[in-house]
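Summary of structural features
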Amino acid sequence: MSTAHTDAHGGEHNPHLAHHFDTMEQQAGAAKLGMWLFLATEILMFSGLFLAYFVIRMFYPEMVLGAHEHLNKFAGGLNTVVLLVSSWTMAMAVRSAQVGKPNNQADIAKIKAFLAMTFACGGIFMVVKYFEYSAKFAHGMLPGKFYTAHLHGYDIPGLPHIFFGIYFVMTGLHGVHVLVGMALMVWIYLRAVRGDFSRQNYAGVENLGLYWHIVDLVWIFLFPLLYLVK
Amino acid sequence: MSQQPAHHDNNHGEEPNFYRAKRGIMSWLFTVDHKRLGVMYLASVLLFFLVAGILAIFLRTELLTPAADYVSASTYNQLFTLHGAIMVFLFIIPATPGALGNIFLPLMLGAKDVAFPRLNLLSFWVYSVAAVMLLCTLLLGGLDTGWTFYTPYSTSTGTAAGLAALGVFVAGFSSILTGLNFVVTVHRMRAPGQTWDRLPLFVWAIYATAVIQILATPVLAITVLLVFIERFLGIGIFDPAMGGDPVLFQHFFWFYSHPAVYIMILPGFGIISEMITVHSRKHIFGYKAIALSSVAIAVISFVVWGHHLFVSGQSEVAGIVFSFLTFAVAVPTAIKVFSWVATLYGGSIVYNTPMWYALMFLWTFTIGGLTGVYLAVIAVDVHLHDTYFVVAHFHYVMMGGLVVAFIGGLFHWWPKITGRFYNEALGKLSALLVFIGFNVTFGTQFFLGHQGMPRRYFAYLPEYEAMHRISTYGSWILAAGLFCALFGLLAAFSKNAKKAGNNPWNAMSLEWQTQSPPIEHNFHETPHVTGSPYDFPEIDKSGGVHH
Amino acid sequence: MLLNLLLGPDPALLGTDAMSASPFSLLPAASTNAQELDNIYVAVTLICALSFVLLIGAQVYFMVKYKKPAEGHRKTSPITHSGKLEFWWSFIPTLILIALFVWGETLYMKMVTPPSDAVNIRVTGQKWFWTVEYPDVPGAILTDELIVPKDVPVRLTLTSNDVIHSFYVPVFRQKKDAVPGRYSNLWFQATTVGTYPLFCTEYCGDQHSTMIGKVHVVERAEFDARLAEAAKLEPGEGESMADFGARVFDRGGCAACHSIDGSAKTGPTLKGKYGAQEVLSDGSTVTIDDNYIRESILEPNAKVVQGFTPQMPSFAGRFDDRAITGLIEYIKSLK
Ligand code: HEA
Ligand code: HEA
Ligand code: CUA
Ligand SMILES: [Cu+2]
């Protein structure tokens, strides 16, 4: 009766199959379901912040309107484009893995190239953010009790320190997600170099892709809500 | 004995159990074996239960007399805050999923492990980091906000509320990861033949719990993160002095923490279903209703949070809507309670320690649930809110509900976990003492609360002394009972403890079909499931009325 | 008696004559709302008790009847479910719960809708005392004391100066949070003359448990007299300035933070302070003289005593020069 057991582990044993799964399909299915659930938690976490944002906006519509004028729409728009492009390159990376033949250098090179492009987009996004943040710092448009823009000659009506509080928390948390995504890209890139990914095993790239799309999606909401209130 | 047993060995004679499969401290600290992780969770949660329980005994001792006698006001405030925070975040929420869930979920599914064993290890370590952070608040000025962290008090107090908020944030991650792991495990790792209607109810309960963990915890995470940021950056979202809204925090907090009370109790429901059936040799009554009502509770629990804010200044309409929805959550719970009692009908009931705890649960949890109905009546809650009535209500559901079920579950599965029997006499004595002590401690508090005794008071009007005294005496009996339980369980490790064998209760679910304690890979061969886990051989199939 | 031994000596009552010393008797009901609320409370209790008795009764009956025989097991019932039974035990509780909801909601609407002719009183919570102001009687400001007329609806407007507090009078069965930056309302109509406790029920820090005041329900005529008395804060005929100061001290709620026996509370003790040197938080020292005390009362946070936090509210506008002189004389007298 021990057949069930030997079957699972015997025969052709894919080196990427963990001991506690019976088949690669089971393993990939689990990884994907797990990732979707994780993304659900990410979305819920950001929803909390969006809710806080809407409450503030409901309380102080004029203030939010006045304060948002001071965000750099061009930089925000540029970053939106950059992230959209990165979504595409990421999707291409996943696609390349899904169709790639095992141990085929040309296919691996494709995965690597698209990952590198996505990484570069992430980098551009962060650099733009850096300049945006620096400008805000220089003008004293800081969160909460650090807010000193009035000393720099900016006269925003109401309680703009709350707007900048929520602005920095939301974009900051999003920025952290971008950085985490970029770190994961390095890891997946190294695994691609090692030849881990092909149509037989692409769960890693696919999950990274899902994560990256969610990070983009959050920005797609952040941009109009923060930069384009009107 | 070999370090790495050959697990493809067809000789089933004496394969080492999971404790012995590997050796050395590292093989524990970095294990990915769900059973070892479960045992480590068990040790940790029991430690925190002990710590928080001892804090509770200090609390009660201070409350023996109306005057301020043993501790100062600020010490008392830290005592109840740490008591509540440790009990909730480090004990009751991780207890059943982390300990019993980890050990038994894969076994009950006939799986070799959870879906993501390394993630499981990560959850444990994240949990440990959170625990260290919460305990470190003791060194950094204590924590005196109450477990609810209401702003603006929590953003203005001089104590270590920032660190505590981060600690809760981290604990939340552990909880999310565990929940995620379990949902995937239940979906993808079931043995052949293990259909959804053949899942043990414990699995259903853990599954419903995991769904709530995934959906609610992120909101808590962001809430406490905002408290943390508020303390350091003063962003002002919750701070009225800066134009923010302190009641918004309460909405955020309870949006998590109300579903969290079902994170606490649902696994308890699962344990009870297993114990009642096995020890009465009866098929569970209303399998579908019990399984689906867990899911119903999980869903409704997301829309009742406002019943904690009836007097906070939320709009009257909101209050009324929340009151209505709160009643709605009582119905699926009632269905479960009735089904358990109906399960006893026509059984052959064995009175051992786990069964005594299960029967005790029906008593204590029902009182807890029914007093929840008082609080759901919005007008009555105006009077009872933040009095000892609420304290009594939530101890009846948490201590009398989950903790009683959990301890019962420990006795029930102890033979499987340790391979040996606990001490039955001590076990039964503990059940008796816990029953008496518990009801004396918290039963009196309903009267206190109805007479207006506010909670979180370290000194009180002398009118309340009599009841407080009785309550304190009760807590000592309760503590004695719990120590009996502890020693009763520890007795399994003594030399002359009886060996348990694979299936001492003649239970049908899969965890009993393997060695006690289980081998490292759970089963010698993947089991095939052919029927309900509640089809006991004693059931009279000969001609009784079938429905 | 055994019970007495167990419970210790009879507790001395805190002068709140209407609180019951017996744990089993219910609280007195001293407002119109309280009586209605008690009805619903009793109804819920009956329903819950009945459900409990039925449920646990069945459980105990089964436990006795279906105990396992001494030898082996008896054959057990094959029942796995029963649609009919399950329907009824879901349906009946649902009906009961809906009835309770409707009743509770109706009463609640009454509890939160004050009649338009109610007497207005403003209540402000602050760590850790209540300030009660009567807008209709200029100058009538009380601390930790609420005087209300019997049989007249009273509407309180609550707010807080620092963190959330909650205003709770058990004998009225009424409660509402006092939230900083907001106003909330609570109303009642007292029915029984007497003095009752008033609690803070939202945790608000160290002295949360001492944030207890008194509610005096008095006849309408006496109400007006007492407010008039409270409004005039003047030295009486032949009263020494120090005695007058003691009254101001009492009225101002200074005792919530300052002891006169040498122990530190939220603020430093005032015993033996006059003429002494005080070290401030910036390390400098001052001599406590008339000017310093005056400043401490009007601008308390200008100089903060070492080891304390700037928590004292300003009393500017509340006390006139004579009251302040009284306070100074009183503090002088605290040897
Ligand atoms: C395990 C945790 C747990 C569980 C299961 C519950 C279950 C319930 N709780 Fe409780 N609750 C808490 C933990 C829990 N609670 C905690 C921790 C707090 C306070 C936190 C704090 O402030 O610190 C709290 C506070 C709390 C409040 C707010 C009180 C206040 O602060 O003013 C309310 C108000 O509605 C409430 C209601 C309920 C209801 C209606 C249920 C229902 O789900 C109960 C349903 C069960 C039954 C009803 C019994 C069985 C049914 C029958 C026998 C059928 C017959 C019944 C009838 C016909 C009535 N709870
Ligand atoms: C799981 C949740 C839980 C549990 C189990 C308990 C258990 C107990 N609680 Fe707790 N309590 C809370 C959660 C819990 N509490 C919360 C959330 C609050 C609110 C805090 C706040 O206001 O912020 C609170 C507040 C609270 C108060 C109100 C304080 C106040 O408002 O001023 C009181 C007062 O009586 C109290 C008493 C007790 C007592 C006597 C126990 C006893 O049951 C404890 C008995 C336990 C022991 C004595 C330890 C013995 C353990 C062992 C021997 C090891 C275990 C091993 C095995 C049995 C295997 N608790
Ligand atoms: Cu004020 Cu508690
Ligand atoms: Cu709740």
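Per chain, residues are indexed from 1 in the order of the written sequence. Here the convention is simple: chains get letters from A, ligands get numbers from 1, in the order in which they are written. In view of the model being predicted, local features appear only for residues whose pLDDT reaches at least 70, and side-chain atom pairs are presented and counted only at 80 or more, with totals across whole chains, interfaces and linings using the full set of residues. With hydrogens and water set aside, each side-chain value is computed from the structure's full complement of heavy atoms.

Our next topic: the overall build of chain A. From N to C terminus, chain A includes seven helices and zero strands. Shown N-terminal to C-terminal, the secondary structure of chain A runs as helices and strands in the order α-α-α-α-α-α-α. To get the radius of gyration, use the C-alpha atoms; to get the globule rule, take the number of residues to the power 0.38 and multiply by 2.2 Å. Here the C-alpha radius of gyration of chain A, 22 Å, is well above what a compact globule of 230 residues would show, namely 17 Å. If you line up chain A on its principal axes, its C-alpha atoms span 80 × 40 × 25 Å. Burial status follows relative accessibility: with a 1.4 Å probe on protein chains alone, a residue under 20% of its type maximum counts as buried, one over 50% as exposed, and anything between as partly exposed. Out of the 230 residues in chain A, the part that is buried amounts to 53%. In this analysis, two residues are considered to be in contact whenever any of their non-hydrogen atoms come within 4.5 Å of each other. Across chain A, contacts joining residues at least 24 apart in sequence account for 79% of those joining residues at least 6 apart. Accessible surface computed for chain A: about 10,500 Å², of which carbon and sulfur atoms make up 69%. Note on conventions: DSSP H or I runs of at least 4 residues are helices, E runs of at least 2 residues are strands, and numbering of each starts at the N terminus. Here, Shrake-Rupley sampling with a 1.4 Å probe gives the accessible areas, and only protein chains in the shown set may cover a residue.

Attention now goes to the interface of chain B and chain C. The interface of chain B with chain C comprises 101 residues on the first partner and 90 residues on the second. Any carboxyl oxygen of Asp or Glu that lies within 4 Å of a side-chain nitrogen of Lys or Arg is treated as forming a salt bridge with it. On the surface where chain B and chain C come into contact, there are one salt bridge. When the shortest N-O distance is used, the salt bridge between Asp245(B) and Arg182(C) registers 3.1 Å. With 14 residues, helix H10 (residues 316–344) of chain B is the largest single contributor of residues to the side of chain B that touches chain C. Considered class by class, the residues forming the side of chain B that touches chain C number 59 nonpolar, 28 polar and 14 charged. Here the nonpolar group is Ala, Val, Leu, Ile, Met, Phe, Trp, Tyr, Cys and Pro; Asp, Glu, Lys and Arg are the charged ones; every other residue, Gly included, is treated as polar.

In this section: the coordination of the iron atom of ligand 1. Keep in mind that water is not among the atoms, so a site may look incomplete; donors are the N, O and S atoms within 2.8 Å of the metal, or 3.2 Å for Na, K and Ca. Coordination of the iron atom of ligand 1 by the protein involves just one donor, His393(B) (NE2), at a distance of 2.2 Å. By the secondary structure assignment, His393(B) is in helix H13 (residues 388–418).

If you check the shell around ligand 1, you find 33 residues, and the closest are Tyr262(B), Asp381(B), His385(B), His393(B) and Arg455(B). Of all the secondary structure elements, the ones that give two or more residues to the shell around ligand 1 are helix H8 (246–280), H10, helix H11 (353–376) and H13 of chain B together with helix H3 (83–112) of chain C. Among the elements that make up the shell around ligand 1, the one with the highest residue count is H11(B) (eight residues). Along the lines of polarity and charge, the residues of the shell around ligand 1 split into 21 nonpolar, ten polar and two charged. Residues are labelled near a given molecule or strand when at least one of their non-hydrogen atoms is within 4 Å of it.

Time to look at the sheet that holds strand E7 (residues 174–178) of chain C. All names here are of chain C. Read across the sheet, five strands follow the order E4-E10-E9-E6-E7 without closing on themselves; strand pairing throughout is mixed. Looking at which strands have only one partner, the edges of the open sheet turn out to be strand E4 (145–149) and E7. Taken pair by pair, the neighbouring strands of this sheet meet at an average axis angle of 25°, ignoring direction. A pair of strands counts as paired when DSSP detects no fewer than two bridges linking them. Orientation is described by axes fitted as lines to C-alpha atoms, over the contacting stretch for helices, and by angles from 0 to 180 degrees between their N-to-C directions.

Across the contact, 39 residues belong to chain A and 44 residues belong to chain B. A combined buried area of about 3,600 Å² lies between chain A and chain B, and 74% of that area is made up of carbon and sulfur atoms. Sorting the residues of the side of chain A that touches chain B by element identifies helix H1 (3–9), helix H2 (24–59) and helix H6 (160–193) of chain A as the ones contributing at least two each. Here the side of chain A that touches chain B gets 18 residues from one element, more than from any other, and that element is H2(A). The residue inventory of the side of chain A that touches chain B, partitioned by class, reads 24 nonpolar, 13 polar and two charged. Simply put, the buried area is the total loss of 1.4 Å probe accessible area from both parts when two parts are fitted together.

This part takes up the domain arrangement of chain C. Residue and element names in this part refer to chain C. Parsing chain C into structural domains produces domain 1 (32–66 + 82–111), domain 2 (119–232) and domain 3 (241–333). Note that the domain bounds reflect an automated or database-derived domain assignment. A separation of 35 Å is found between the C-alpha centroids of domain 1 and domain 2. Contact with domain 1, which involves eight residues of that partner, is made by seven residues of domain 2. With both sides pooled, the region where domain 1 packs onto domain 2 buries about 670 Å², and carbon together with sulfur makes up 40% of that total. Along the contact surface separating domain 1 from domain 2 lie one salt bridge. The residue Arg173 makes a salt bridge to Asp38 at a minimum N-O spacing of 2.8 Å. Here a polar contact is taken to be a pair of N or O atoms separated by no more than 3.5 Å, where protein atoms must pair a possible hydrogen donor with a possible acceptor and residues adjacent in sequence count only if both atoms sit in side chains. One can count seven residue pairs in polar contact (both at pLDDT 80 or more) joining domain 1 with domain 2. The set of elements that each furnish at least two residues to the side of domain 1 that touches domain 2 consists of helix H2 (32–65) and H3. It is H2 that provides the largest number of residues to the side of domain 1 that touches domain 2, a total of six residues. Of the residues assigned to the side of domain 1 that touches domain 2, the class counts are three nonpolar, three polar and two charged.

Between H10(B) and H3(C), whose axes approach to 9 Å, the crossing angle comes to 155°. When the interaxial angle is binned, H10(B) and H3(C) end up roughly antiparallel. Where H10(B) crosses over H3(C), the handedness of that crossing is right-handed. Taken together, the residues of H3(C) that come into contact with H10(B) (itself represented by Glu316(B), Ile320(B), Ser323(B), Phe324(B), Phe327(B), Ala330(B), Val331(B), Ile335(B), Phe338(B), Ser339(B) and Ala342(B)) are Trp89(C), Ser90(C), Pro93(C), Thr94(C), Leu97(C), Leu100(C), Phe101(C), Glu105(C), Tyr108(C), Met109(C) and Val112(C). For the contact of H10(B) with H3(C), the per-class residue count stands at 16 nonpolar, four polar and two charged. Here is the rule for angles: anything less than 35 degrees is roughly parallel, anything more than 145 is roughly antiparallel, 65 through 115 is roughly perpendicular, and the remaining ranges are oblique. What makes a crossing left-handed is the near helix being turned counterclockwise from the far one by less than a right angle; a clockwise turn instead makes it right-handed.

Right, let's get into the coordination of the copper ion (ligand 4). All names here are of chain B. Around the copper ion (ligand 4), the donor atoms from the protein are His258 (ND1), His307 (NE2) and His308 (NE2), and they sit 1.8 to 2.1 Å away. Mapped onto the sequence, the donors of the copper ion (ligand 4) take the spacing H-x48-H-H. The distance between the copper ion (ligand 4) and the iron atom of ligand 1 is 4.6 Å. One end of the pair, His258, is in helix H8; the other, His307, is in the loop between helix H9 (287–300) and H10, and 49 residues separate them in sequence. The class of His258 is buried, set by a relative accessible area of 4%.

Residues and elements named next belong to chain C. Looking at helix H6 (residues 290–298), one finds that the buried residues are Tyr292, Ile293, Ser296 and Ile297. One side of H6 holds all its buried residues, which, seen down the axis, span an arc of 135°. Packing partners of the buried residues in H6 comprise strand E11 (277–279), strand E12 (285–287) and helix H7 (321–333). In this description, one arc is meant: the one made by directions from the helix axis to the C-beta atoms.

Whether two aromatic rings pair depends on their centres lying within 6.5 Å, for rings of Phe, Tyr and Trp, where Trp uses its six-membered ring; planes under 30 degrees apart make the pair stacked, over 60 edge-to-face, and the rest tilted. Throughout the structure, instances matching the rule amount to 89 aromatic pairs over all chains. Consider the rings of Phe361(B) and Phe365(B), whose centres lie 5.4 Å apart with planes at 5°: the pair is stacked. Of the two residues, Phe361(B) and Phe365(B) are both situated in helix H11; the distance of four residues between them amounts to about one turn of the helix. In terms of burial, Phe361(B) and Phe365(B) fall into one category: buried. When the ring of Phe421(B) is compared with that of Tyr422(B), the centres are 6.1 Å apart and the planes differ by 65°; the resulting orientation is edge-to-face. Like Tyr422(B), Phe421(B) is buried. Taken together through their ring pairs, the aromatic side chains of Phe125(A), Tyr133(A), Phe137(A), Phe163(A), Phe164(A), Tyr167(A), Phe168(A), Trp219(A), Phe223(A) and Tyr227(A) make up a single cluster. We note Lys175(C) situated over the ring of Tyr168(C); from NZ or CZ to the ring centre the distance is 3.9 Å. Distance and angle both matter: a charge sits over a ring if NZ of Lys or CZ of Arg is within 6 Å of the ring centre and within 35 degrees of the ring normal.

Residue and element names in this part refer to chain C. Spatially, E3-E2-E1-E5-E8 is the arrangement adopted by the five strands of the open sheet, whose pairing is mixed. Each end of this open sheet is capped by a strand with a single partner; those strands are strand E3 (141–143) and strand E8 (184–189). Across the sheet, the mean angle from the axis of one strand to that of its neighbour is 25°, orientation sign disregarded. With seven bridges joining them, strand E1 (residues 119–126) and strand E5 (residues 153–160) adopt parallel strand pairing. The residue bridging Val123 from the neighbouring strand is Leu158, located in E5.

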